[in-house]
Amino acid sequence: MTSEHTHTLTRHRDIQAWVSDRKGMPALVPSHNRFGEKRARLALKFDRSDKPRGMPEVDQGASPISWAAWLAELDRQQLALRVSPGGDIEYEFVERKTLN
(Lines give C-alpha, C1' and ligand atoms only; values in the text may rest on other atoms or scores of the structure.)
Protein backbone atom coordinates (compact mmCIF):
# COMPACT_ATOMS: atom_id res chain seq x y z
CA MET A 1 0.00 0.00 0.00
CA THR A 2 1.57 3.27 -1.06
CA SER A 3 1.40 6.05 1.51
CA GLU A 4 0.47 8.62 -1.18
CA HIS A 5 -3.03 7.17 -1.48
CA THR A 6 -3.78 6.31 2.14
CA HIS A 7 -5.11 7.84 5.32
CA THR A 8 -3.76 6.97 8.77
CA LEU A 9 -6.36 6.69 11.50
CA THR A 10 -5.47 7.04 15.18
CA ARG A 11 -8.73 8.21 16.76
CA HIS A 12 -10.90 5.38 18.04
CA ARG A 13 -14.12 6.73 16.57
CA ASP A 14 -12.51 7.13 13.12
CA ILE A 15 -11.21 3.56 13.18
CA GLN A 16 -14.58 2.17 14.30
CA ALA A 17 -16.41 4.17 11.62
CA TRP A 18 -14.04 3.01 8.85
CA VAL A 19 -14.39 -0.65 9.86
CA SER A 20 -18.16 -0.48 10.44
CA ASP A 21 -18.76 1.25 7.09
CA ARG A 22 -17.19 -1.82 5.45
CA LYS A 23 -19.21 -4.32 7.52
CA GLY A 24 -16.19 -5.27 9.61
CA MET A 25 -15.57 -6.21 13.20
CA PRO A 26 -12.55 -6.32 15.51
CA ALA A 27 -10.83 -9.67 16.00
CA LEU A 28 -7.72 -11.34 17.38
CA VAL A 29 -5.64 -14.03 15.68
CA PRO A 30 -3.56 -16.35 17.85
CA SER A 31 0.12 -16.36 16.89
CA HIS A 32 3.57 -16.88 18.37
CA ASN A 33 6.28 -14.29 18.83
CA ARG A 34 9.91 -14.90 17.88
CA PHE A 35 10.51 -16.59 21.26
CA GLY A 36 7.69 -19.07 20.67
CA GLU A 37 5.43 -17.43 23.23
CA LYS A 38 1.74 -17.41 22.40
CA ARG A 39 0.26 -13.97 21.80
CA ALA A 40 -2.74 -12.44 20.09
CA ARG A 41 -2.35 -10.38 16.92
CA LEU A 42 -4.86 -7.64 16.12
CA ALA A 43 -7.03 -8.30 13.09
CA LEU A 44 -10.20 -7.13 11.38
CA LYS A 45 -12.87 -9.43 9.95
CA PHE A 46 -15.08 -8.25 7.10
CA ASP A 47 -18.36 -9.66 5.82
CA ARG A 48 -17.56 -10.79 2.31
CA SER A 49 -21.04 -10.64 0.76
CA ASP A 50 -19.47 -11.26 -2.66
CA LYS A 51 -18.56 -14.86 -1.74
CA PRO A 52 -20.96 -17.64 -2.85
CA ARG A 53 -23.55 -18.65 -0.27
CA GLY A 54 -22.63 -21.61 1.86
CA MET A 55 -18.91 -21.15 1.29
CA PRO A 56 -16.91 -21.07 4.54
CA GLU A 57 -14.97 -17.94 5.27
CA VAL A 58 -11.21 -18.36 5.61
CA ASP A 59 -10.28 -16.33 8.68
CA GLN A 60 -7.02 -17.91 9.92
CA GLY A 61 -8.54 -18.51 13.35
CA ALA A 62 -9.66 -14.92 13.93
CA SER A 63 -11.86 -14.61 17.01
CA PRO A 64 -14.26 -11.71 17.46
CA ILE A 65 -13.48 -9.34 20.35
CA SER A 66 -15.19 -6.27 21.79
CA TRP A 67 -14.29 -2.86 20.45
CA ALA A 68 -13.18 -1.74 23.92
CA ALA A 69 -10.69 -4.63 24.26
CA TRP A 70 -9.47 -4.30 20.66
CA LEU A 71 -8.90 -0.56 20.92
CA ALA A 72 -7.16 -0.98 24.29
CA GLU A 73 -4.76 -3.46 22.67
CA LEU A 74 -4.23 -1.12 19.71
CA ASP A 75 -3.24 1.62 22.17
CA ARG A 76 -1.07 -0.74 24.22
CA GLN A 77 0.88 -1.71 21.11
CA GLN A 78 0.99 1.96 19.99
CA LEU A 79 -0.46 1.16 16.58
CA ALA A 80 -2.50 3.13 14.06
CA LEU A 81 -4.54 1.94 11.10
CA ARG A 82 -3.43 2.99 7.60
CA VAL A 83 -6.35 2.65 5.19
CA SER A 84 -7.19 3.12 1.53
CA PRO A 85 -9.59 5.92 0.69
CA GLY A 86 -13.00 5.16 -0.75
CA GLY A 87 -14.82 1.89 -0.15
CA ASP A 88 -11.83 -0.45 -0.47
CA ILE A 89 -11.04 -2.89 2.30
CA GLU A 90 -7.31 -2.37 2.23
CA TYR A 91 -5.49 -1.62 5.46
CA GLU A 92 -2.37 -2.23 7.50
CA PHE A 93 -1.29 -1.62 11.06
CA VAL A 94 1.57 0.87 11.49
CA GLU A 95 3.49 2.04 14.52
CA ARG A 96 2.35 5.44 15.75
CA LYS A 97 5.94 6.55 16.37
CA THR A 98 6.58 6.40 12.60
CA LEU A 99 3.86 9.00 12.00
CA ASN A 100 5.76 12.00 13.37
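Residues numbered from 1 in each chain as written. Predicted model: local features only at pLDDT ≥ 70, side-chain atom pairs only at ≥ 80, totals over all residues. Heavy atoms only, no water.

1. Looking at the overall build of the protein
When helices and strands are counted, the protein shows two helices and six strands. Mapped from its N terminus to its C terminus, the protein presents α and β elements in the order β-α-β-β-β-α-β-β. Within the protein, contacts between residues separated by at least 24 positions form 58% of all contacts whose residues are at least 6 apart in sequence. Accessible area of the protein: about 6,900 Å², with a carbon and sulfur share of 48%. (Helix = DSSP H or I, 4+ residues; strand = E, 2+ residues; numbered from the N terminus. Contact = heavy atoms within 4.5 Å. Areas by Shrake-Rupley, 256 points an atom, 1.4 Å probe, with all protein chains shown as cover.)

2. Digging into the nonpolar core
Counting residues in hydrophobic clusters, the biggest one holds 14 residues, and the most contacted among them are Ile15, Trp18, Val19, Leu44, Trp70 and Leu74. Breaking this core down by element, the ones donating at least two residues are α1 (12-21), β3 (38-46), α2 (67-76) and β5 (79-83). Ranked by residue count, the leading element in this core is α2, at four residues. Once residues lying within four places of it in the same chain are set aside, the contact partners of Trp70 are Ile15, Pro26, Ala27, Leu42, Ala43, Leu44, Ile65 and Phe93. (Core = buried A, V, L, I, M, F, W, Y, C linked by side-chain atoms within 4.5 Å. Buried < 20%, exposed > 50% of the residue type's maximum accessible area, 1.4 Å probe, protein only.)

3. Details of the packing of aromatic side chains
The final tally for this structure, using the stated rule, is six aromatic pairs. Ring geometry for Trp67 and Trp70: centres 5.5 Å apart, planes at 80 degrees, overall edge-to-face. Pair noted here: Trp67 and Trp70 are both in helix α2, with a separation of three residues, about one helical turn. Look at Trp70 and you get buried, because its relative accessible area is 0%. Cluster of aromatic residues (ring-pair linked, three or more members): Trp18, Phe46, Trp67, Trp70, Tyr91 and Phe93. (Phe/Tyr/Trp six-rings, centres within 6.5 Å; stacked < 30°, edge-to-face > 60°.)

4. Here we look at unusual backbone geometry
Glycine aside, a negative phi is what most residues show, and trans is what most peptide bonds show. A positive phi angle, close to 55 degrees, is found at Lys23, a residue other than glycine. Mapped onto the elements of the fold, Lys23 is located in the loop between α1 and β2 (24-32). For Lys23, a relative accessible area of 54% puts it in the exposed group. A positive phi is found at Gln78, a non-glycine position, where the angle reads about 55 degrees. Along the polypeptide, Gln78 turns up in the loop between α2 and β5.

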